[in-house]
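# A structural walkthrough
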Amino acid sequence: MLGLAHNVATKVASVVHTTQKTIAGELSLFAMSDKKILEEIYTTHVHADESFDDDSLFVIVENILKRATQNVDKIVQGTQVHVDNIEEKTPKASFSVPLCTLKGISCEMQCKPPGDEIAHNTTVAILNKLSKYSWEAKASLTLAAFAMEYGEFWLLAQLRESDHLAKSIAILKRVPVLLKPSELHKRRQSILELNNLIKATLQVIECIDQFNKYSTYDPKDVPDLSIALDHIPVVVYWVIITVVACATKITILTSDEDKEYDLAPYSQKIHYVLNKLTIQLRGCRKQIEEAETYRRITKLFRTPTEIMEVFKGLIFTKDNVQPLIDGSTKQTVKIDILRRKNVLLFISSLDVSDDDISILKPIHEFTKRDNQYKIVWIPIVEQWTDDLRKKFDILKNKMPWFTVQYSGPIAGIKFIKEEWNFKGKPTVVVMNPQGKVEHSNALHMIRVWGAKAFPFTKTTEEELSHSHAGKWVGSVVEGTHPSVHTWIKEDKYIFFYGGKDNEWIQQFTKKAAALANDPIFKEAKIHLELVCVGKGSKGEDDHGGLGRFWTSVESLFFTKDHKQVDSVSQEIQKLLSYKNESGWAVLSKGSTVLVTGHGVSVLKVVEDFEKWKGHVKEKGLEFCFKAYYEKISQASRPCCRLDIPGSNGKVPELMKCPDCHRSMETFISYKCCHIDGPTAHH
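Anyway, here's the lowdown on the structure attached to this text. (Residues numbered from 1 in each chain as written. Predicted model: local features only at pLDDT ≥ 70, side-chain atom pairs only at ≥ 80, totals over all residues. Heavy atoms only, no water.)

## Quick notes on the sheet that holds strand β7 (residues 437-439)
Inclusion rule: Note on pairing: two strands pair once DSSP finds at least 2 bridges between them. Secondary structure elements follow DSSP: runs of H or I of four or more residues count as helices, runs of E of two or more count as strands, with numbering from the N terminus. Each axis is a line fitted through C-alpha atoms, taken for helices only over the stretch in contact, and angles between the N-to-C directions span 0 to 180 degrees.
One open sheet holds the seven strands; their spatial order is β2-β1-β5-β4-β3-β6-β7, and the pairing between them is mixed. Because the sheet does not close on itself, it has two edges, and the strands there are β2 (331-333) and β7. Taken over all neighbouring pairs, the strand axes of this sheet differ in orientation by 35° on average, direction set aside. Pairing geometry for strand β3 (residues 342-348) and strand β6 (residues 427-431), over five bridges, is antiparallel. Residue pairing for β6: Phe346 is matched across the bridge by Val428.

Below, the structure written as structure tokens:
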């Protein structure tokens, strides 16, 4: 157990200690808090001697106690156990037993009367003797000192009938006193309870040893380890005081006196500690497995590898490769079907909307023509339940593409979260036949451009973003009005507007309708249409349509390269910043966006139509509206707030204000709309 992290000793030493007092009359031993225990023991730890080979010592202690406790089971309750079943471990040949230290510890423990205060003071005395050893070495040395006595006692019990020397020494050790049939029967339960407590204490030190082996891992990879290591000094305290209590119990059992000394509180405590350590070890093993899988998958992605092999490494553990489910036939197929294909990994939790599925269905139909592209749904579920399995089956049946069968969490969940910024919302990772990632989330571009985004690479996204520069409005207003695409094709002027304030919406609708019907517009042959986003044809609320609109705007935002901001990016950013405002409006001519306006300013422009309409015939609506809007917005410019869903992928580190171009301040906010499902954030 060499080299346990030094931070344990440091953190223990940082606890403020006033004066060391006995616990008698002040606090019950088993009611002492961990903090109080640290206050009692921290001054006993001076420096950890890392040169001491406590691994070898513990190997010897294990060999002794595992055989001794088996001898007890055999002698006391007649259990037939083959000693050969115990693995014989060998200490290093160079190991030198610190015999005098062990005898000194043994001397501290021997013939002590029962009592919690005495046990505590004895424990502190032992810790003082072992001040220069590491915490785990203190536990091993104390148990080794006990093992010398306990092992010898039961070895003599085994040999005394056949060996004269053993018989004589056994008499001196009072072995026959305990092994009289009457005494053995009378004290049988106490002996077995003692034996079981020793086994549990040995298991606790085995856990400490395991934590020591894990201490070579990066704490960032195994966060549970730091918590466990910080608690080791307290665990060692309970190990030593339990060993002291066991030594006292043996003294009582081999004496002529009939004293009572109940080990039940020590047993309850050490089993509580053991259970806690076992849970922590389980957590550490899981984190270590995830970290090792993460490194393996990272290495796999760095080297060009056939896509099927990359997929297997990402999804399955080595011996658990499962067939896929073909959504079109509902039959299972071997994953070989992915060999030499381009693969779109549709990754999501089970909160997948019908909109998300419907967006991918045309892509599935488009790509299956030449059979070079496959879509695979990877459901991310960390803990499966019966309800989640039912939900999975319902969703699976809606999807015509392939699905990964559930059998537990997928192997690469850590990689998917960290490398592809997966935070629960659906994402589409595009991979080529060589296993190279062509796009870490193509879902945004698919939402915006659909099959036009084929083959869904980063290069295609940049090309589309550039070629559709000022004509982005058509990609986000799908479904807002039955005639919207006709109006866009006819190159009409269109007001798209909405907001959180129904009164503002009503005012804008009234004023904008009056503007659209003004004789000046008719004379100038200007056609202006109105589309209220989030309202149905009869004026009813359309939450689904509103959600789809803002999801499209967010997706459009994420397709932009925010390192090099252009006017189009600013307009999209501006519109997104109006999402939670009382009102907003976008004026477009066909698919070209002319103005993206805040509700206050744009309503003022419409209200002041009489002031600028005289120039419309001569200069046109576009020039007049933009000029007057600039004038109004400069006079009254509210704060710009941009809410970017962190669950939708990687968020830009720095954002420039679309109005004044200053760097925007960053805030972290949390929101819950008390709604289940993928559209809750709307």
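## Describing helix α2 (residues 34-41)
This is how it is decided: Burial classes: relative accessible area under 20% of the type maximum marks a residue as buried, over 50% as exposed, and values in between as partly exposed (1.4 Å probe, protein chains only).
With six of eight residues buried, α2 is to be regarded as a mostly interior element. Those residues of α2 that fall on the buried side of the exposure criterion are Lys36, Ile37, Leu38, Glu39, Glu40 and Ile41.

## Re empty space enclosed by the protein
We count it as follows: Grid spacing is 1 Å over the protein atoms alone, the probe is 1.4 Å, and a cavity is where that probe fits but cannot get out, while a pocket is an open set with protein on both sides within 12 Å along at least five of seven lines and lining residues have an atom within 4 Å of a point. Grid points are joined across faces, edges and corners, and a volume is the space filled by probe spheres set on the points. For this classification, Asp, Glu, Lys and Arg are treated as charged, while Ala, Val, Leu, Ile, Met, Phe, Trp, Tyr, Cys and Pro are nonpolar and the rest, including Gly, are polar.
A full pass over the atoms with the stated rule returns two cavities of 30 Å³ or more. Taken as a whole, the largest cavity spans an internal volume of roughly 50 Å³. In terms of lining residues, the largest cavity is bounded by Tyr150, Phe153, Trp154, Leu178, Ile191, Leu194, Ile250, Leu253 and Thr254. Those elements that place two or more of their residues in the lining of the largest cavity are α6 (135-159), α10 (188-214) and α12 (232-253). Here the lining of the largest cavity gets three residues from one element, more than from any other, and that element is α6. Considered class by class, the residues forming the lining of the largest cavity number eight nonpolar, one polar and no charged.

## A closer look at unusual backbone geometry
Along the chain, Phe454 connects to Pro455 via a cis peptide bond; the corresponding omega equals 10°. Of note, Pro455 is situated in the loop between α18 (443-449) and α19 (458-467). A positive phi is found at Cys111, a non-glycine position, where the angle reads about 55°. Its location among the elements puts Cys111 in the loop between α4 (99-109) and α5 (116-129).

## Considerations on the pairing of β6
With five of five residues buried, β6 is to be regarded as a mostly interior element. The alternating pattern of β6 places Thr427, Val429 and Met431 on one face and Val428 and Val430 on the opposite face, and all of these are buried. Sheet analysis places β6 next to β7, joined by two bridges and oriented antiparallel. Paired with Val430 across the bridge in β7 is His439.

In short, shape yes, function no, at least from these values alone.
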